[in-house]
Amino acid sequence: MDSLFTYRKIDEKIISLLRSAIGDGNVSSDDEKLISFSHDEVPSSSYKGHYKAEALVFPESSNHVSEIMKIASENRIPVTPRGAGTGLSGGALPAFGGIVMSFEKMNRIIELDEKNLTVTVEPGVVTSEISKLAARHDLLYAGDPCSGDASFIGGNIAENAGGNKVIKYGATGAQVLALEVVLADGTVTWFGGKRRKDVTGLDFTHLIAGSEGILAIITKAVLKLLPLPRHSVDLLAAFPDPETAIAFVPQIIKKGGIIPASIEFMDKKALELVEKYLNNPVPASDAGAALIIQLEENDHDVLERQYEKIGALSKEHGASEVYVADTRSTKDRIWQTRKAIPEATSFFYDRYTKEDLVVPIDRVPDLLAKIKEVCLERNLQWVAYGHAGDGNMHCTVIGPDTEDWHEILLIVQKKIYSAVIEMGGTLSGEHGIGFKRKGFMKLFLDKKHLELIKSVKLAFDPGNILNPGKIVDWNE
Ligand code: MLT
Ligand code: ZN
């Protein structure tokens, strides 16, 4: 096992090999830079150890990535690919030092193909730039992670990022038609193509999407586009308590007869935190919980009928108030509240664990009840919000102000996880396993499943140099 994780340290010779392969300006071993590129959005207080890369590389092309991988594989140096650093699982953390490969210089939108409805991009493009370009052509790029104004598309694909429109359009992986990748030995190849169907061989495109950089490095992606819906409306329904709000979620689709683009949940604590953080009143902040329901249509009259129906249904199912946002500013106000929850949480607290649990939609009330029970037992606070339409809850449990806060949170996590397993749920819906959650994988997947993940990893990367130390724990 040890030999799988025995790596060469980076010395002057490796630095000069990297410099001559991709140019002096694209390689750095500046200590401050190394530190700032050595973590993502998981607070470093979550880990007991410290992790830092030995070199930072900024490739400008697939060819550069290939040259770096040749040096890394010939010298057995770990390589951790990194997007914008907005990840939530420690995926970009260089667990074994080595090289961190940043994609900030590979940020071109290569082509928008209006006939095939595709856009081809490099991994360092900021996600919202793709949506904006598509919208200028009356097209929709449907991937919509909350961090879309900062995250890179390469990271979204590597994590199979979800976000706010999964219920209608699927997660990032569902938008991917093809990937150019660089393999561990430096080979450049393509999986998939500009085609809507493909059963020729195994579906490596969608194996790479969500593989968190442990199998191959994404250097280009062909993404699917759709016609841009002409009109949209956001409803904010205020409920007296989380139970009533959540119980309404399946009814939106069943009784409403439509699939909204988003169904998002915020509990009272989330609403209060954001209000305090923004220092500004937020809509429904006095409610026990709230749902955002986003509807999209091409025909304005159809949309109006839909939101009237969903508004009336909300009231029938216990909503105390329904706000209709149909202008840019009212919509922004609602979404600003939802999107500010993570920021507000990390502003006020630094000892917490943010969960990314998924359960079948009819078990979300049970999940919320369990979280409440487990937190109250220990006198802990929690913030619950997330993608209610997907059964995906981001419950953030705040650690106590005591030295043993790591241990306490671990006990709480394990109690919640065993309930999630009993409900038929899973550990992560969209944030990924990375470094943060790999220790819990054995609770959710059986031994055979974990062995298969390791075999696939080694088939792609026999030297174990691509983002080692992520997803599975090789000591177990
Ligand atoms: C969200 O839904 O807000 C995102 O997954 C990000 C987060 O929870 O930090
Ligand atoms: Zn989310």
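Residues numbered from 1 in each chain as written. Chains lettered and ligands numbered in written order. Predicted model: local features only at pLDDT ≥ 70, side-chain atom pairs only at ≥ 80, totals over all residues. Heavy atoms only, no water.

## Details of the overall build of the protein chain
If you tally the helices and strands in the protein chain, you get 16 helices and 19 strands. The C-alpha radius of gyration computed for the protein chain amounts to 23 Å, which stays within 12% of the reference 23 Å derived for 476 residues, consistent with globular compactness. Its C-alpha atoms give the protein chain principal-axis dimensions of about 70 × 60 × 45 Å. For the protein chain, the proportion of its 476 residues judged to be buried stands at 54%. Just so you have it, the protein chain exposes about 20300 Å², and 52% of that area is on carbon and sulfur atoms. Each charge class in the protein chain can be summarised by its mean position, and for the 54 positive and 66 negative side chains these summaries are 2 Å apart. (Helix = DSSP H or I, 4+ residues; strand = E, 2+ residues; numbered from the N terminus. Rg over C-alpha atoms; globule rule 2.2 N^0.38 Å. Buried < 20%, exposed > 50% of the residue type's maximum accessible area, 1.4 Å probe, protein only. Areas by Shrake-Rupley, 256 points an atom, 1.4 Å probe, with all protein chains shown as cover. Lys, Arg positive; Asp, Glu negative; His and termini not counted. Charge placed at Lys NZ, Arg CZ, Asp CG, Glu CD.)

## Looking at the site of ligand 1
Ligand 1 sits among L88, C146, R338, P342, K354, Y385, H387, H394, E430 and H431. Here Y385 contributes a side-chain N or O atom positioned 2.7 Å from an oxygen atom of ligand 1. Within the complex, 91% of the 260 Å² of free accessible area of ligand 1 lies under protein. Here the residues of the shell around ligand 1 sort into four nonpolar, three polar and three charged. (Near = heavy atom within 4 Å. Polar contact = N/O pair within 3.5 Å; in protein donor to acceptor, adjacent residues only side chain to side chain. Nonpolar A, V, L, I, M, F, W, Y, C, P; charged D, E, K, R; others polar.)

## Some words on the pairing of strand 3 (residues 79-82)
In strand 3, alternate side chains face the same way, and those of V79 and P81 on one face and T80 and R82 on the other are all buried. For strand 3 and strand 4 (residues 99-102), the ladder comprises four bridges, and the chain directions are parallel. Of the residues in strand 4, the one forming a bridge with T80 is V100. (Pairing = 2+ DSSP bridges.)

## Some points on the packing of aromatic side chains
Applying the stated criterion across every chain yields a total of 14 aromatic pairs. For the ring pair F191 and F204, a centre distance of 5.2 Å and an interplane angle of 70° mean the geometry is edge-to-face. Taken together, the positions of F191 in strand 9 (residues 188-192) and F204 in helix 7 (residues 204-208) put the pair 13 residues apart, joining distant regions of the chain. Residue class for F191 comes out buried when judged on its relative accessible area of 15%. Under the relative-accessibility criterion, F204 is labelled partly exposed at 29%. (Phe/Tyr/Trp six-rings, centres within 6.5 Å; stacked < 30°, edge-to-face > 60°.)

## Thoughts on the pattern of salt bridges
For the structure shown, the criterion picks out 22 salt bridges. Notably, a salt bridge pairs E111 with K194, separated by 2.8 Å at the nearest N-O pair. You can see E111 sitting in strand 5 (residues 109-113) and its partner K194 sitting in the loop between strand 9 and helix 7, a full 83 residues away along the chain. Residue class for K194 comes out partly exposed when judged on its relative accessible area of 38%. Within the structure, one salt-bridge network assembled from shared partners comprises E111, D113 and K194. (Salt bridge = Lys/Arg side-chain N within 4 Å of Asp/Glu carboxyl O.)

## A word on the domain arrangement of the protein chain
Domain parsing of the protein chain yields domain 1 (12-105 + 454-460), domain 2 (109-227), domain 3 (231-341) and domain 4 (349-440). Each of domain 3 and domain 4 was reduced to a C-alpha centroid, and the two centroids are 23 Å apart. Listed per partner, the contact involves 15 residues of domain 3 and 16 residues of domain 4. Summed over both sides, the interface of domain 3 with domain 4 buries roughly 1300 Å², with 67% coming from carbon and sulfur. Considering only the surface of domain 3 that becomes buried against domain 4, I246, F265 and K269 emerge as the three largest contributors, covering 38% of it. Linking domain 3 with domain 4 are zero salt bridges. (Domains from an automatic or database assignment. Contact = heavy atoms within 4.5 Å. Buried area = accessible area lost by both parts, 1.4 Å probe.)

## What to know about the sheet that holds strand 6 (residues 118-121)
Read across the sheet, five strands follow the order 5-6-10-8-9 without closing on themselves; strand pairing throughout is antiparallel. Two strands close off the open sheet at either side, each with one partner strand: strand 5 and strand 9. The mean angle between the axes of side-by-side strands here comes to 15°, regardless of whether they run parallel or antiparallel. Where strand 8 (residues 176-182) lies against strand 9, five bridges are found, and the strand directions are antiparallel. Residue pairing across strands places E180 opposite W190, the latter belonging to strand 9. (Axes fitted to C-alpha atoms, helices over the stretch in contact; angles between N-to-C directions.)

## Quick notes on helix 1 (residues 12-22)
Along helix 1, the positions that sit buried rather than exposed are I14, I15, L18 and I22. The arc that holds the buried residues of helix 1, viewed along the axis, is 100°, so those residues lie on one side. Looking at helix 1, the residues exposed on the side facing more than 90 degrees away from the buried face are E12 and S20. Summarising the contacts, the buried residues of helix 1 are in contact with strand 1 (27-28), strand 2 (55-57), helix 3 (62-75) and strand 4. The positive-phi residue at the C-terminal boundary of helix 1 is G23, with phi of around 100°. (Arc of directions from axis to C-beta.)

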